[in-house]
Amino acid sequence: MSGELYQEIQQYYAWQMQLLDQARTDEWAETFTEDGVFAANAAPAPVKGRAAIAAASAATHRQLAEVHELRRHWLGMLTVSPGATADELSTRCYALIIATRKGGEPRIHCSTLCEDQLVRVGDTWQVKYRTVSRDDIR
Amino acid sequence: MSGELYQEIQQYYAWQMQLLDQARTDEWAETFTEDGVFAANAAPAPVKGRAAIAAASAATHRQLAEVHELRRHWLGMLTVSPGATADELSTRCYALIIATRKGGEPRIHCSTLCEDQLVRVGDTWQVKYRTVSRDDIR
Amino acid sequence: MSGELYQEIQQYYAWQMQLLDQARTDEWAETFTEDGVFAANAAPAPVKGRAAIAAASAATHRQLAEVHELRRHWLGMLTVSPGATADELSTRCYALIIATRKGGEPRIHCSTLCEDQLVRVGDTWQVKYRTVSRDDIR
């Protein structure tokens, strides 16, 4: 994969995680396609569509605010491969959630594998389908 | 942001953190401008200027040496934006400090948000103003 | 170091760590030169050659499988320098191992420094000599 493209994807993910961790849930949802899917082995069913993705994220942030917990999503060990079409990419990376409560010690909330189907939209990318697998759930 | 510039900044930070963690405190201070500022929500006041930044870092390393603690600074989820001038950049990233004592278990000492104002100096960059916000202090 | 080359090395390491963590031990060993060496301060002696590197990794994965532990290797703060020849590079980075047991909490198994001598082989790279130093062992 070209260094230029690899860079683009690294920057896209850094931006996406910063939006999520700032509870900018609508902007976060817009980094997915309108019919984007967020599937997690920790969830009963996949979350489908931007509206549902934004709502699910907002609900999580409300719960975290109640306990004064701040979370940061770290992605790493990213590999990028050609996707189903010329405008798509498949990515695979690790994701950690670092959780810190006000006045508390940081802890690793979970360690996961994140696999995305990305679609180019104009000069950026959007997640068409994301699969997040928590390492503790097997 | 171009992939080439994004790369440059990634390499600059990797180098800067390696200098810090090796207690090369004078070289570390030289990665800041002569009047560079290091402001942290965990500190009573901002540390101003290379001499003070080097001294503060040296003092910390002396304390860590006494308890045989080795710390590694990890930066991630980096975003880079245009700065106030053509020679400046604004960056935002997460920073973790992983602390390990001789014979001990590694622990996350703190999880933070790091926001920099960078200035181009020749073929490299220097920190003009750094703001580090610990997640546990709010 | 050029951004393009820095990218290449980042992608090489992400791929290499994913192979290791998927227990694809033969493919993992092929990311080393035929006579590649893996030296660690936690091991009694350096592991020499692909066959021994694959065998050592397979043995570790068998032990982890018995206790249902999944490990992920994270590399970060990578610096890349010219090597002994035009086809070689020296790299220095941090490496964390995040370990999660089935139904358990993630923990940092160890924090290390990883120093490699890389050799260009065709359009990719191979490790000629790796030195991994655990932070707790001094």
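Nothing here was measured: the structure is a model prediction, and the numbers come from that model. (Residues numbered from 1 in each chain as written. Chains lettered and ligands numbered in written order. Predicted model: local features only at pLDDT ≥ 70, side-chain atom pairs only at ≥ 80, totals over all residues. Heavy atoms only, no water.)

Residue placement: Gly 122 of chain C occurs in the loop between strand 5 (107-121) and strand 6 (124-134). Overall, the relative accessible area of 65% leaves Gly 122 of chain C in the exposed class. (Helix = DSSP H or I, 4+ residues; strand = E, 2+ residues; numbered from the N terminus. Buried < 20%, exposed > 50% of the residue type's maximum accessible area, 1.4 Å probe, protein only.)

Moving on to the UniProt feature "domain: SnoaL-like" (unreviewed entry) in chain A. Here, the residues flagged by UniProt with the feature "domain: SnoaL-like" (unreviewed entry) are residues 5-131 of chain A. Structurally, residues 5-131 of chain A comprises 31% helix and 49% strand, and the distance from its first C-alpha atom to its last is 22 Å. (UniProt positions renumbered as here; feature names shortened; annotations may be inferred.)

Below, the discussion takes up the interface of chain C and chain B. Every contact between the two is made by 27 residues of chain C and, on the other side, 27 residues of chain B. Of the roughly 2,100 Å² buried where chain C meets chain B, counting both sides, 57% is carbon and sulfur surface. Taken as a group, Met 77, Tyr 94 and Arg 138 of chain C account for 34% of the area that chain C buries against chain B, more than any other trio of residues on that side. The closest approach of N and O atoms between Asp 135 of chain C and Arg 72 of chain B, which form a salt bridge, is 2.8 Å. There are 13 residue pairs in polar contact (both at pLDDT 80 or more) connecting chain C and chain B. Residue assignment for the side of chain C that touches chain B shows that the elements contributing at least two residues are helix 1 (3-21), strand 3 (69-82), strand 4 (88-101) and strand 5 of chain C. (Contact = heavy atoms within 4.5 Å. Buried area = accessible area lost by both parts, 1.4 Å probe. Salt bridge = Lys/Arg side-chain N within 4 Å of Asp/Glu carboxyl O. Polar contact = N/O pair within 3.5 Å; in protein donor to acceptor, adjacent residues only side chain to side chain.)

Take the interface of chain A and chain C next. Taken together, the contacts link 27 residues of chain A with 27 residues of chain C. Around 2,100 Å² of area is buried between chain A and chain C when both sides are counted, 57% of it from carbon and sulfur atoms. The largest contributions to the chain A side of the interface with chain C come from Met 77, Tyr 94 and Arg 138 of chain A, which together make up 35% of the buried area. For the pair chain A and chain C, the number of links is one salt bridge. The interface formed by chain A and chain C contains 14 residue pairs in polar contact (both at pLDDT 80 or more). Mapped by element, the contributors of at least two residues to the side of chain A that touches chain C are helix 1 (3-21), strand 3 (69-82), strand 4 (88-101) and strand 5 (107-121) of chain A. Per-class residue counts for the side of chain A that touches chain C are 13 nonpolar, nine polar and five charged. (Nonpolar A, V, L, I, M, F, W, Y, C, P; charged D, E, K, R; others polar.)

Moving on: the relation of the copies chain C and chain B. Overlaying chain C with chain B gives an RMSD of 0.0 Å, the required rotation being 120° about an axis along which the chain moves by 0.0 Å. These values place the two chain copies in the arrangement generated by a three-fold rotation axis. (Least-squares fit on C-alpha atoms with pLDDT ≥ 70 in both.)

Of all residues in chain A, 100% attain a pLDDT of 70 or more, and the chain-wide mean is 97. Model confidence for the complex is summarised by a pTM of 0.98, with the ipTM given as 0.97. (pLDDT = per-residue confidence, 0-100.)

Quick look at the packing of helix 1 of chain A against helix 1 (residues 3-21) of chain B now. Viewed as axis vectors pointing N to C, helix 1 of chain A and helix 1 of chain B meet at an angle of 65°, and their least axial separation amounts to 9 Å. When the axis of helix 1 of chain A is compared with that of helix 1 of chain B, the two are roughly perpendicular. The crossing of helix 1 of chain A and helix 1 of chain B is left-handed. Facing helix 1 of chain A, whose interface residues are Glu 4, Gln 7, Gln 10, Gln 11 and Ala 14 of chain A, helix 1 of chain B presents Gly 3, Glu 4, Tyr 6, Gln 7 and Gln 10 of chain B. In terms of residue class, the contact of helix 1 of chain A with helix 1 of chain B is built from two nonpolar, six polar and two charged. (Axes fitted to C-alpha atoms, helices over the stretch in contact; angles between N-to-C directions. Parallel < 35°, antiparallel > 145°, perpendicular 65-115°, else oblique. Left-handed = near helix turned anticlockwise from the far one by under 90°.)

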